[in-house]
Amino acid sequence: MTCAHAARTAAGAGLFSCHSCSLLVRRPSMTGRVTVRCPRCGARLHLRKPNSITRSWALLIAALIFYIPANLFPVTITSYLGSIQADTIMSGVIFFMQTGSWGIALIIFVASIVVPIAKLIVLGGLLISVQRRSRWRPAERTRLYRITELVGRWSMLDVFVVTVLVALVRLGYLTTIQAGVGVVYFAAVVVITMIAAMTFDPRLIWDVLEKNDESNAH
Amino acid sequence: MMMSRRCLVAMTQTLIACHGCDLLHRVRPLPEKSKARCSRCGTLLYVHSPETVNRTLALAITGLVFLVIANLFPFLSLESQGTVLETTLITGTIILSQQSMAGPAILVLLTSMLIPGLLLGALVYVLWAIKRGYRLPAGRRLFRLALTLRPWSMTEVFLLGILVSVVKLAKMAAIIPGTALFAFLALVFVLAAINAFMDPRAIWEKMDKWS
């Protein structure tokens, strides 16, 4: 009796790899529509994240739609002695540039503009590459995915800035700052793109290279 | 198909599949404070962090203390024209919800307070049980929850947000940092240290001995 397997991947060897606790669990022979749970941590087991491509696309398109009002509507509304100034994300960046705070302007520009756009482009590109069964540079594409997953949370920066501003400069004083609707859409973009990144399964990038294995994933 | 149970257990304990590309790797003992990455795609496979239960437990308790302090004391104060306006950590959430911004208000409350608190609480519960040899209910489910919640704990992003806001308001008024701000800063470092010192694989294996 031997434990050795010819297969190089967990799916190829008929093993579920628990996404939560990394336990390898043998796939039961009679899989109907039954959900299999990890015997150690209780997480649902899948060979690949279910409907990863469809779900990621849906979330990506939703994020893209919300991204438009997030940038067009103001995120803060400042009133000072009866005059009212509405600022969008971009006009906030320009404000910092004009007042000479280049470092802060760059931080907000990267967190609020560059990162969300880059995330949408990278995830869209990864999805297309998987759908076209591309064999091009899988290690680099996986690394790109990992970076996308890691940096996404930093886009929440602008939501926190608005929160601190409205808390510090509130009614009863000469100047008040109110949150604008833009922040609702922007927060939605950040959350949706984070979930989209979590829904994408990077193992799909590699499955095309494993097609000699007896049972390829699904 | 007819693989013996012993063989299966032996295999599943010595092998790990990469979460990035599904490649199977044999788990080898690592030198202290080192990480194993996938040979094919570079994704982190597992770490070896010595004394992970004790260190993570100590950090989680410390983090909870800082989180409580961060909520009890003034966070930031704004001084303008002789008047001082105090805020606490939760003020932003309250003001946002008053301005019919319930969505962002809840999101901020979750990512800066509730999720970090839940994460630390779950870790204390699970690690305390492991350390004392108790078998507490729902321990595994709570540890899984803590791992799932990790990306949604955004205290460090909040801290950067405070920095940006302070720079923005610096010309308008004087901003006075409160006790809670320092506690929050400490909390950010504690959470970063937990990410560095926690070895989930070792903790799962300790829980395997429960049953």
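Residues numbered from 1 in each chain as written. Chains lettered and ligands numbered in written order. Predicted model: local features only at pLDDT ≥ 70, side-chain atom pairs only at ≥ 80, totals over all residues.

Considering the overall build of chain B
Next, step 1: Counting its regular elements, chain B contains eight helices and seven strands.
Next, step 2: What you see for chain B is a C-alpha radius of gyration of 22 Å, clearly larger than the 17 Å of a compact globule of 211 residues, by over 25%.
Next, step 3: Expressed along its principal axes, the backbone C-alpha trace of chain B runs to roughly 80 × 40 × 35 Å.
Next, step 4: Of all intrachain contacts in chain B linking residues separated by at least 6 positions in sequence, the fraction that spans at least 24 positions is 62%. (Helix = DSSP H or I, 4+ residues; strand = E, 2+ residues; numbered from the N terminus. Rg over C-alpha atoms; globule rule 2.2 N^0.38 Å. Contact = placed C-beta atoms within 7 Å.)

Details of the nonpolar core
All names here are of chain A.
Next, step 1: Membership of the largest hydrophobic core comes to 118 residues, with the highest contact counts inside it found for Val159 and Phe186.
Next, step 2: Examining the composition of this core, we find that 13 residues originate from one element, helix 6 (residues 182-199), more than from any other.
Next, step 3: Setting aside chain neighbours within four positions, we find Phe186 in contact with Ala70, Val75, Ile89, Asp158 and Val159. (Core = buried A, V, L, I, M, F, W, Y, C linked by C-beta atoms within 7 Å. Buried ≥ 20, exposed ≤ 12 C-beta atoms within 10 Å, placed from the backbone.)

Considerations on the confidence of the model for chain A
Residues and elements named next belong to chain A.
Next, step 1: When pLDDT is averaged across chain A, the result is 89; 90% of the residues are at 70 or more.
Next, step 2: Across residues 1-5 the pLDDT falls below 50, and counting only partners more than four positions away or on other chains, this stretch makes six contacts in the model.
Next, step 3: Low pLDDT (under 50) marks residues 213-218, which in the prediction has 14 contacts with non-local residues, meaning those over four places away or in another chain. (pLDDT = per-residue confidence, 0-100.)

Focus on the interface of chain B and chain A
Next, step 1: Across the boundary between the two partners, chain B contributes 56 residues, which contact 57 residues of chain A.
Next, step 2: When contributions to the side of chain B that touches chain A are tallied by element, the ones reaching two or more residues are helix 1 (5-14), strand 1 (15-17), strand 5 (76-80), helix 3 (91-98), helix 4 (102-132), helix 5 (139-149), helix 6 (155-169) and helix 8 (200-208) of chain B.
Next, step 3: Among the residues forming the side of chain B that touches chain A, the class breakdown is 32 nonpolar, 16 polar and eight charged. (Nonpolar A, V, L, I, M, F, W, Y, C, P; charged D, E, K, R; others polar.)

Here's the deal with the sheet that holds strand 7 (residues 175-179) of chain A
Residue and element names in this part refer to chain A.
Next, step 1: With respect to topology, three strands assemble into an open sheet ordered 6-5-7, the strand pairing being antiparallel. Each edge of the open sheet is held by one strand with a lone partner, namely strand 6 (83-87) and strand 7. Ignoring strand direction, the axes of neighbouring strands in this sheet form an average angle of 20 degrees.
Next, step 2: Across five bridges, strand 5 (residues 76-80) lies against strand 6 in antiparallel orientation. If you follow Thr76 over to strand 6, its bridge partner there is Asp87. (Pairing = 2+ DSSP bridges. Axes fitted to C-alpha atoms, helices over the stretch in contact; angles between N-to-C directions.)

Notes on the confidence of the model for chain B
Residue and element names in this part refer to chain B.
Next, step 1: The share of residues in chain B with pLDDT of 70 or more is 93%, and the mean pLDDT across the chain is 90.
Next, step 2: The lowest-confidence element of chain B is helix 1, averaging 58 in pLDDT; the highest-confidence one is helix 2 (residues 52-72), averaging 97.
Next, step 3: For the stretch residues 1-7, pLDDT sits under 50, and the model shows five contacts to residues farther than four places along the chain or on other chains.
Next, step 4: Model confidence for the complex is summarised by a pTM of 0.91, with the ipTM given as 0.91.

With respect to the domain arrangement of chain A
Next, step 1: Parsing chain A into structural domains produces domain 1 (1-47) and domain 2 (52-208).
Next, step 2: Averaged C-alpha coordinates put domain 1 of chain A and domain 2 of chain A at centres separated by 36 Å. (Domains from an automatic or database assignment.)

Focus: the sheet that holds strand 6 (residues 83-87) of chain B
All names here are of chain B.
Next, step 1: The strand order across the open sheet built from three strands is 6-5-7, with neighbouring strands paired in antiparallel fashion. Where the open sheet ends on each side, the last strands, each with one partner, are strand 6 and strand 7 (174-177). Strand-to-strand twist of the sheet, defined as the mean angle between neighbouring strand axes without regard to direction, takes the value 25 degrees.

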